[in-house]
Each structure stands twice: as C-alpha cells, then as structure tokens.
There are 2 protein chains.
Amino acid sequence: MINEQKKKYLETREKLHALNHAFVVLGWDSETEAPIASHDKRGDVIGTLSNMYNDLLFDEKYVESVNFLYENKEQLEPLFKREIEIVKKNLDSTLKLPKELLFENSVVCAKASPAWVEAKTKNDFSIFAPYLEKIVDIQRQMIKYLETPSLKGYDVLLDQYEEGMTQVKYDEFFNLLKKELVPLIKKISDKEYSHNLAFSKLKYSIDKQKQFAKYIAKVMCFDYDRGLDKESEHPFTSGNSRYDVRLTNHYYEDMFTSSIFSMIHELGHATFEQQISQDLDDTALGGCSAMALHESQSRFYENIVGRSYEFWKTHYSNLQETFKEELGNVSLDDFYHFINKAECSLIRTEADELTYPLHIMIRYDIEQKLLNKEVEVKDLPIVWNKAYKEYLGVDVPSDSLGVLQDVHWSGGSFGYFPTYALGSAYSAQFYNAMKKDFDVDSAFGEKDLSKINNWLLEHVHKFGDSKRPVDILKDATGEEFNPKYYIEYLKEKYTKLYNLK
Amino acid sequence: MINEQKKKYLETREKLHALNHAFVVLGWDSETEAPIASHDKRGDVIGTLSNMYNDLLFDEKYVESVNFLYENKEQLEPLFKREIEIVKKNLDSTLKLPKELLFENSVVCAKASPAWVEAKTKNDFSIFAPYLEKIVDIQRQMIKYLETPSLKGYDVLLDQYEEGMTQVKYDEFFNLLKKELVPLIKKISDKEYSHNLAFSKLKYSIDKQKQFAKYIAKVMCFDYDRGLDKESEHPFTSGNSRYDVRLTNHYYEDMFTSSIFSMIHELGHATFEQQISQDLDDTALGGCSAMALHESQSRFYENIVGRSYEFWKTHYSNLQETFKEELGNVSLDDFYHFINKAECSLIRTEADELTYPLHIMIRYDIEQKLLNKEVEVKDLPIVWNKAYKEYLGVDVPSDSLGVLQDVHWSGGSFGYFPTYALGSAYSAQFYNAMKKDFDVDSAFGEKDLSKINNWLLEHVHKFGDSKRPVDILKDATGEEFNPKYYIEYLKEKYTKLYNLK
C-alpha cells in the first residue's frame, strides 16, 4: 500500500517538477530577453500552465497519496519523511485557496512584471498601478483563506517566507536594531568626512564592468558549466537544480560599484544553489525555500566578505588594472572607505550595511498598511516618499528611484522584504561561528573563496531544504537566532571605519 | 452538441499551445545559452512534458471531439474547418504511434542536440553517433507504424514535411535539375576566373559583423518589438506567434559573408512568421508547417534579393563603411561576383545557388539508404565523404566540415532537406509572378524591402496554415509548381555572371 501511494506521489512529483522547470525558464526568458510585444501572450501561457499545475495538485489521488504518506511518515526513510512534511504543509495551504484565485494570481504576476519594467523605465507609476492593485487585492483575499486562529493578517505572509516569523517577532527585532543603529548613524553623520571620493563620480565603461564581474565569478568559484549570468532590469538568481543556476546583473555607467556588489550578492545565492547536495537531486528538497537563510548567504558574501578590507587587499589591484585611468591613483584605503560609506540614501540595493535595515523597515511598514487597507495602491508614491523622509531624511526625486525601485511586489511577493534584514543578522551569526573554526578574515584575502565556500557547503548549503533552517542555524552556530552578533559586527566595523572611539 | 465538442476541443487546444510555447522557449534556451551540465536533466524534463502533451492528445474525449468536429466540418466556419482538417490529419498519424515511442523520441532528441554541438566542436563523430543511432532506429520504427498502402518507407517522412511529395516526384525534380545544372557548372568551372578575391581571405571583426547584421534587419523591416536575434551553433528561426519570432546567427571571423546571408535567410523565415495574419492568433493555423513554402521565403530573400546586384548597389556602401580597411578598395562588381561565385564546396549553408541543390541531393540519397538499412550510422562519415567526392568533387577534411555540419538529424528531422531544394524552386516561381505586378528588381534596391514584404504578405505570409501550400502557390503565381522558373532563373543569372554566351 505504501509503495503504491509512493508511486502515485512520485509520478505527480515528476510532472510538477517539469512544469516548475518550464516556469523558471519562461520567467528567466521574460526577465532577460523576451520581446516586449510577447508579454501579454506569455502571461496567458503561464496562466494555462499554472492551471495544469494546480490540476495536478488538486487531483484527489495525489492529495490522497500525500495524506497517506504523511500519516505513515514514521515508516519513511528520513529524507523522504522530511520531503512529505514540507509537501504536506504547502499542499494544505494551497488546497485552502480557490483554483480560480491561483490562476488569476499567476496571470496577473506574469503580466505585471513587464509592466513594472516599463513603469520604472518611463518613471510612470500609473503604468504599474493597475497591476499592483490586482496583486494586492489577490494577496488580501489569499490571507483571508489562509488565516488560522493563531496566524492572522500579514503574519500569514511572513510565515510563508520564513516559518515561525510574525509581526511581534519582527517588531522586536527591528526595534532593537533601531535602538542600537540609529544613534550610530547619527554619530557618523556628525563626523567630518575626510576621504576624497571624486573617483566615484566618474563614468566607468560597462564592458569593463562586465569583465570585472567575470573576475569576481572566478574568485567565488562559480561553475559556468552549471550556470550562466546575464543582464536584467533587477538582478536576481534562479535555478532549476544544482546543474542550472542562473543569475543576472545590471550595469550602470555612473555607479560602478553597483554591479560589483550585485554580482557578489547574486553569486552568494548561486553558490548556495550550486552546493546543494547531489543526493537531493530530483527530490522536493533540492532547493532552499527558506528566504532568510538564502539571503543570509548572499549578504554574507556581499557585505561581510565583499566589503571587507582583506578581500580588497587582494583584489583591488585587479580592479585598478581594469580601470587604470579612473582608479590608477586611488588608494585602497579610499576605495575601502567609499564602499563602506554610511549614508542615508534612496536605493535599497545600493545602501550600505548600516542604513540598509531602515530601507527594509519602510517596506515592512508599508506592506502591513497596504494589506490592512490603511493605505491604497494609488497613494503609494506619497506614502513611500514620506517614509523615506522620515526614516532616512532623504527627498525622493522620482518614482523610479522611489516606490518603483524593487521588483518584488510585481511578482506578488509580500512579506519577503523583512527576511532580508533577518538574513543579514543570520550572516553575522554564521560569521561568528566560522571564526571559531579557522582564520576567516585571512581566507577572505585568498585568491579564491574556496575555503569559505567549503565551510558553508558543510554547514549550510548541502542541506538545501532537507533540514529546517532553524536547525541549520543552530547546528552551525551552536545557538538559536541571536541578533547580538549582527549588532556587534556593525558596531565594531563602523566604529573602526569612522574612528568613533 | 457541436458547441459542447468545440468547447472540449478548445480547452485542450489551449493546453497544447501552452506546452508548445514552453517547448519553443526551452529549445531556444538549450540552443542559445543553457549551461552544458544542464542538458541531461533538460532532456528528462522535455520527456515528461512531452508525455503530458501526448496524454492530452490521446485523451478519449479530445479524440472524440476532433472526430466529431471533423465529421460535421461542413457546419463549421471556413477557418475553423481548415483547422480541424489539419488537426485531424496530424492526430490520426500520432495515434498510430505508441506513446512510449513518442516519449523516447522527445527525450533522445533533447539530449542529442547538445551532443551534436559537442561532436561538431570537437570534430568527433563518435560523440554524436550513439544518439543518432537511436534517432534513426526510432524513425525506422515510426515509418512502420505510419505506412499506408499508398505511402511506404521514406515517402512517409517526405509527406510529413511537404504534403504530397514522394520519392518519385523528388527523383523527377532532382533528375531535371541535374540534367540542366551539371553542364552549366561544368562550363563555369572551365572558365578562367578574373576577379581578385583576396579581400575574402581577410579576418573580419565579429562585432562589426553583428553591427551589419542589425543594419540588414532594419533593411528587412524586422520588428524587434516582436522578436529578437541571438547566436547559436547553427542559425535557426523559431516562433511562438507573430508576437515572438526569434532567430539566431553564427559569426565567423574568416567568412564574413556567412553571417550576412544567414541573417538574410533567417530574416526571411522571420518575416513570414511576423506577417501571419492577426486573425489566426491562438488558432492552430497561426504558423506555417509547410516546410518547402517556409524555405521558399528564406531562400527568396537570401538569394534572389540578397545576392542580387540591385540590392548591393544600395547597401554595399554601408558594408564598405563598416569594414573600411578590408573593403574600402574593393569594387561593388568584385564583391557581387564573390557572393555569387559558383564553386563546388564543402558546406551546404555556404554554398552558392547553383551548386546548392547538389548538397541536398547527397543528403536525400543518404537518408533513403539510412532508413532502408542500406547504410548504418557508424559508416556515415565514409559514405558522406564518398558522396561529396562524387557529386561535388571535393575532399572532406574533417567530420565537422562533413557529416556533422547540419543540425537536422539531431532533432530527428529526416525528409526535411529535400524541401530546401523545392523551396528554392518555389521562390523563383514567386519571383516570376511578382514581376508581373511591379518592378521587383528596382524594389530590391530601395532603402528597405517593404514593397517586397507587402507583396509576400498579401500573397503568401498572411495565410499561415489557413490555406494549403499548393493553393498559395497556385493563387499567387497562376499555376501549379513548375520547376522551369527555377532553372531559367539560374541559367540566366549564371550565364550573365560568367559571360557564357
């Protein structure tokens, strides 16, 4: 009986995976090269395929097989047991939603993505607004269907991206951050700044930026036999399996470090995906669906490694070589201070480590209000600009640099942003644990990052979804989540950088 | 009742189209950028999706709906009637084949394509041979299932690519060509050649070739809002709809005209696809499945337009501007003679118009023998090289430049090649008809080809699959297929070029 149910389950899993594979490639194509006039039909196609996907999920025999296997999970081998637990949880959520709503959601998101790109390019929020209104409406409806006695409103979404996280917990975390970081930011902005950053205003050839991005990929040991990189409006990483991991970057002539740190960030995600154990191939555990954990890896590489002095001590000469004219006379010290300059600014992805969490808090506040109907989509630009003035003291000159800057809402991702701050905090906790095992800082300065990659492979990456993120964190660091490492890391780094003592 | 059956049919059609859309994009991705280690899993995914596709086709209710609509076709509106006729014909063929064979075929072809690329790159036929053996075996099996009293062996495949074509008809056509063209080729090779073609041996920057390819796309009025171009090992065109038409090109430093004529050729296919009537959107008629007709368009643009004196009289100055150093001192006349040099050579896609059909005849002969088991896959390199010596008098120096040069067999396309020669012949017949309506040759020299495009839109392109190719040819030219226009065109052109009178 158990074998029969398992067979049924595996048959459907194979089809679901094949459709997921198609979704990943279609999404990649839409974001990176599909012609503009094709997006509308593409949206319909995604809708039809999603319907087929949901037909498989809602199929009685499949549901029966998952339920049966779940009820008999103690008889399953451990990995398969874990798989069934995850599948059962997700399936239970999905089955609460009407199929029509799932269909509508997939069609709207497929069409919203190019609309967002167009709106951002043309600095015209009204192009994107009608799509966003639909998306928010769908999210509100979904919450209603998914609510339980213990999980209400925005918490439903928060829990989807990081199991167990709630508004109460995020509030506590963000309040602690505010309390500790805002005074530090204040101290820094009161300090006189002595570094000459004229070089940062120059134009940097995009071809050369791409060349340096390839160098970074080599330093990070990215395996191009199992992946590729490309350009898109908003950098992202997506993957079908450890054999096919794809990332994008965006290059700006007038912000040359943007592409460097986006590249390192996305390569952080990509390294995770490429290092997931081969044993999990074809199972439902061969990815990582825990967003804060994923983000902890990208932010670890981007900030803790990529903005460290040790890293650039080794690689700055290559950057200088690439941009002889622009950086030939710029000292490593000036460059290092530039990439770590704490400054209240407009764009989240370009923000320094210290002010970054404030960008997240803004989105976290707005999402709550939007889902609780305290704010409507049409008012978002005003609300956004007000929040940036309040939290960061900056005036937003255009919606492209304001409310339209992030891709997330166009894909229906609400409750995702807070995991970025949480991920940053996890990354500092991993960093602390890693230091007990070897001389991490000097490993940052080696010609490639294989030592770092290996530690993360063993303690984090190889598990994919086969281990709960809380367990990965606990087993790797010896304790549960503790934000003190993050705060200590930031305080120590910035106190030293700005000579605050 | 008819509405009920129509509803069922349309529901399934939507799903089939969505899966087809996924196949096109997955294929495009595999050919243009998917990482090398991903191909194996990609093959499995294609296999699973093909199974899902075939499950839809084999579904009793769907088959019933097609049969019912076919039996009542006189009650359908004309376009829908034509759609059902085509669908019924294809479905009847498919239902004759075992599902397992269809599955095997899709998996093998998905994996064979990257193996062919690798084999060609490494000049190692043995990498590709095991895949080709499987493919040939599957083709042989398919023929057995599809044979009818009137359609046997290779004819089964020939008919699939061009309805009504048989070995008897192709033999007649090819024999006529041989009789007329071989003496012409002989005369030409006996003539002393007076043009200085030293410029053709130079290296031409690939970036500049790409720049000129974009210029060509503009001249041909390709709509980039509804399409894109990229690179791949073998140039091809694929499309999802008139809103998403994609073509590839391949650039060689040492053969600069190769990318020019591949571009024009693929743009010929692409123009056809982009000009199919909007009325056919979402129907099963919104493409063109008649291969000789499709090829007649690509070869019309490539040869009749693209190798004409009038065309280059207008555009040669731009080419000279692009390659100042290499072509600055080369006369239009020398360039024109170079791109029309008749010469027995190794590579089909680089062949001149006159010797091109001989390349096709070689493949036609080999395919027959392969399918009839007179030749086995392992012997192909020897058989190939012998045929090139016999037909074209050339020695094949390597399999990359020999039996591995074409992509077709890796995709299971047997019976396709002969449509290329037939398409060339159609194109001359269209050319002749077009000349009755306006001054075609001077239209070749206009700054863009919109006049030509418009005539083809009205007489050929807009119909897609909504009209039988034989009817398109007849209505556009006033008569049935007649190879004399092709032979006359070639004789006239080459007699003049080589001053044979």
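Definitions and limits used
- Residues numbered from 1 in each chain as written.
- Chains lettered and ligands numbered in written order.
- Predicted model: local features only at pLDDT ≥ 70, side-chain atom pairs only at ≥ 80, totals over all residues.
- Heavy atoms only, no water.
- Helix = DSSP H or I, 4+ residues; strand = E, 2+ residues; numbered from the N terminus.
- Rg over C-alpha atoms; globule rule 2.2 N^0.38 Å.
- Buried < 20%, exposed > 50% of the residue type's maximum accessible area, 1.4 Å probe, protein only.
- Contact = heavy atoms within 4.5 Å.
- Areas by Shrake-Rupley, 256 points an atom, 1.4 Å probe, with all protein chains shown as cover.
- Lys, Arg positive; Asp, Glu negative; His and termini not counted.
- Charge placed at Lys NZ, Arg CZ, Asp CG, Glu CD.
- Least-squares fit on C-alpha atoms with pLDDT ≥ 70 in both.
- Pairing = 2+ DSSP bridges.
- Axes fitted to C-alpha atoms, helices over the stretch in contact; angles between N-to-C directions.
- Parallel < 35°, antiparallel > 145°, perpendicular 65-115°, else oblique.
- pLDDT = per-residue confidence, 0-100.
- Buried area = accessible area lost by both parts, 1.4 Å probe.
- Salt bridge = Lys/Arg side-chain N within 4 Å of Asp/Glu carboxyl O.
- Polar contact = N/O pair within 3.5 Å; in protein donor to acceptor, adjacent residues only side chain to side chain.
- Phe/Tyr/Trp six-rings, centres within 6.5 Å; stacked < 30°, edge-to-face > 60°.
- Lys NZ or Arg CZ within 6 Å of the ring centre and 35° of its normal.
- 1 Å grid on protein atoms, 1.4 Å probe; cavity = no way out; pocket = protein on both sides within 12 Å on 5 of 7 lines; lining within 4 Å.
- Points joined across faces, edges and corners; volume = space filled by probe spheres on them.
- Nonpolar A, V, L, I, M, F, W, Y, C, P; charged D, E, K, R; others polar.
- Core = buried A, V, L, I, M, F, W, Y, C linked by side-chain atoms within 4.5 Å.
- Expected span 1.5 Å × (residues − 1).
- Bend = angle between axes of the 7 residues up to and from the residue.

Summing up its helical and strand segments, chain A has 21 helices and three strands in all. Expected size for 501 residues packed as a compact globule is a radius of gyration near 23 Å; at 23 Å, chain A falls within 12% of this value. Considered along the principal axes of its C-alpha atoms, chain A spans approximately 70 × 50 × 45 Å. The proportion of buried residues among the 501 residues of chain A is 59%. Residue pairs in contact within chain A that sit at least 24 positions apart in sequence constitute 74% of those at least 6 positions apart. Counting every atom, chain A has about 21100 Å² of accessible surface; 49% of that belongs to carbon and sulfur. Both charge centroids of chain A, one from 63 positive and one from 82 negative side chains, sit 2 Å from each other.

A rotation about some axis, followed by a shift along it, carries one copy of the chain onto the other. Between chain A and chain B, the superposition needs a rotation of 180 degrees and an axial shift of 0.0 Å, giving an RMSD of 0.0 Å. Here the transformation between the copies is reduced to the relation of a two-fold axis. Of the C-alpha atoms belonging to chain A, the one lying closest to the rotation axis is found on A22(A), 3.1 Å away. Residue by residue, 100% of the interface of chain A is reproduced at the interface of chain B, so both copies engage with the same surface.

The subject of this paragraph is unusual backbone geometry. Positive phi values are uncommon outside glycine, yet C221(A) reaches one of about 65 degrees. If you trace the backbone, C221(A) turns up in the loop between α9 (206-219) and β1 (227-231).

So, on to the sheet that holds strand β3 (residues 244-249) of chain B. Residue and element names in this part refer to chain B. The sheet built from three strands is open, its strands ordered β1-β3-β2 with mixed pairing. Bordering the open sheet on either side are β1 (227-231) and β2 (237-241), each of which pairs with just one other strand. Strand-to-strand twist across the sheet, computed as the mean angle between neighbouring axes with direction ignored, equals 15 degrees. Inspection of the sheet shows β1 paired to β3 by five bridges, in the parallel sense. The partner of G227 across the bridge, within β3, is V245. Across the sheet, helix α10 (residues 256-274) lies against β1, β2 and β3, angled at about 170 degrees from β3, the strand it touches most.

Moving on, we come to the packing of helix α6 (residues 125-146) of chain A against helix α7 (residues 154-161) of chain A. Residue and element names in this part refer to chain A. Look at α6 against α7: their axes get within 8 Å of each other, and the N-to-C directions meet at 85 degrees. Taken as axis vectors, α6 and α7 run roughly perpendicular relative to one another. Two secondary-structure elements touch here, α6 through Q139, I143 and L146 and α7 through Y154, V156, L157 and Q160.

This next bit is on the environment of Y316(A). All names here are of chain A. On the secondary structure map, Y316 appears in helix α12 (residues 309-322). Judged by relative accessible area, Y316 falls into the buried class, the value being 4%. Residues Y316 and V87 lie 229 residues apart in sequence; the distance between their C-alpha atoms is 46 Å. Not counting residues up to four positions away in its chain, the partners in contact with Y316 are L327, V330, S331, L332 and F335.

The next point concerns the confidence of the model for chain A. Mean pLDDT over chain A: 96, with 100% of residues reaching 70 or higher. Scored as a whole, the predicted complex attains pTM 0.92, and scored at its interfaces, ipTM 0.91.

This paragraph deals with the interface of chain A and chain B. With 37 residues of chain A at the interface, the matching set in chain B holds 37 residues. Each partner contributes to the roughly 2900 Å² buried at the junction of chain A and chain B, and carbon and sulfur atoms together form 65% of this total. In this structure, the connection of chain A to chain B is made through nine salt bridges. Viewed at the interface, chain B and chain A are joined by 16 residue pairs in polar contact (both at pLDDT 80 or more). Counting only elements with at least two residues in the side of chain A that touches chain B, the list comes to α1 (2-32), α2 (39-58), β1, β2 (237-241) and β3 (244-249) of chain A. Element by element, the count of residues in the side of chain A that touches chain B is highest for α1(A), at 10 residues.

Here the focus is the packing of aromatic side chains. Aromatic ring pairs are described here by two measures, namely the spacing of the ring centres and the angle between the planes. Under the counting rule described, the total for this entry stands at 78 aromatic pairs over all chains. Seen from their ring centres, F23(B) and Y53(B) are 6.0 Å apart, and the 65 degrees between their planes marks the pair as edge-to-face. Of the two residues, F23(B) is situated in helix α1 (residues 2-32) and Y53(B) in helix α2 (residues 39-58); the sequence distance between them amounts to 30 residues. With 6.4 Å between their ring centres and 15 degrees between their planes, Y494(B) and Y498(B) make a pair best called stacked. Of the two residues, Y494(B) and Y498(B), both sit in the buried class. Linked through ring pairs, F199(A), Y204(A), F212(A), Y215(A), F256(A), F261(A), F311(A), W312(A), Y316(A), F323(A), F335(A) and F338(A) together constitute an aromatic cluster. Looking at K435(A), its charged tip hangs above the ring of Y431(A), at a distance of 4.2 Å from the centre. Stacked on the ring of F463(B), the Lys or Arg K467(B) has its end atom at 4.1 Å from the ring centre.

Residue and element names in this part refer to chain A. On the basis of which strands lie adjacent, the open sheet formed by three strands has the order β1-β3-β2 and mixed pairing. With partners counted over all chains shown, the strands left at the sheet margins are β1 and β2, one partner each. For this sheet, the mean inter-axis angle between neighbouring strands, taken without regard to orientation, is 15 degrees. The pairing of β2 with β3 spans four bridges and is classified as antiparallel. Of the residues in β3, the one forming a bridge with T237 is L247. Set on the sheet, α1 makes contact with β1, β2 and β3; between it and β2 the angle comes to about 150 degrees.

Now for the side chain of S410(B). Residue and element names in this part refer to chain B. Mapping S410 onto the fold places it in the loop between α16 (380-392) and α17 (418-437). Side-chain polar atoms of S410 contact the backbone oxygen of V407, separated by 2.6 Å. With near-sequence residues (within four places) excluded, S410 lies in contact with C109, A112, S113, W116, F128 and I135.

Okay, the pattern of salt bridges next. By the definition in use, this model includes 79 salt bridges over all chains. The salt bridge partner of D406(A) is R348(A), with a shortest N-O separation of 2.8 Å. Taken together, the positions of D406(A) in the loop between α16 (380-392) and α17 (418-437) and R348(A) in the loop between α14 (332-339) and α15 (356-371) put the pair 58 residues apart, joining distant regions of the chain. Look at D406(A) and you get buried, because its relative accessible area is 9%. What makes R348(A) buried here is its relative accessible area of 3%. Through salt bridges with shared partners, one network takes in D29(A), E33(A), R42(A), K230(A), E33(B), K230(B), D244(B) and R246(B).

Attention shifts here to empty space enclosed by the protein. Residue and element names in this part refer to chain A. Enumeration over the complete set of coordinates arrives at five cavities of 30 Å³ or more. Its volume calculated, the largest cavity comes out at about 70 Å³. What lines the largest cavity is simply R299, N303, I304, E353, Y356, S424, S427, A428, Y486 and Y489. Elements that contribute at least two residues to the lining of the largest cavity include exactly α11 (291-305), α17 and α21 (484-497). Of the residues assigned to the lining of the largest cavity, the class counts are five nonpolar, three polar and two charged.

The next subject is the nonpolar core. The nonpolar side chains of a soluble globular protein tend to be buried, and buried together. Residues and elements named next belong to chain A. Core analysis: the biggest nonpolar cluster contains 139 residues, and F300, W312, L319 and I452 have the highest contact counts within it. When residues of this core are assigned to their parent elements, the largest contribution, 11 residues, is made by α6. Contacts of F300, omitting those with residues within four sequence positions, involve V305, S427, Y431, M434, F444, I452 and L456.

All right, on to helix α6 (residues 125-146) of chain B then. Residue and element names in this part refer to chain B. Here α6 is 22 residues long and its end C-alpha atoms lie 30 Å apart, about the 32 Å a rise of 1.5 Å per residue gives. In the structure, α6 departs most strongly from a straight axis at Y131, where the bend amounts to approximately 30 degrees. Those residues of α6 lying buried are F125, F128, A129, L132, I135, V136, I138, Q139, R140, M142, I143 and L146. The inward-facing, buried residues of α6 abut α4 (78-96), α5 (99-122), α7 (154-161), α15 (356-371) and α16.

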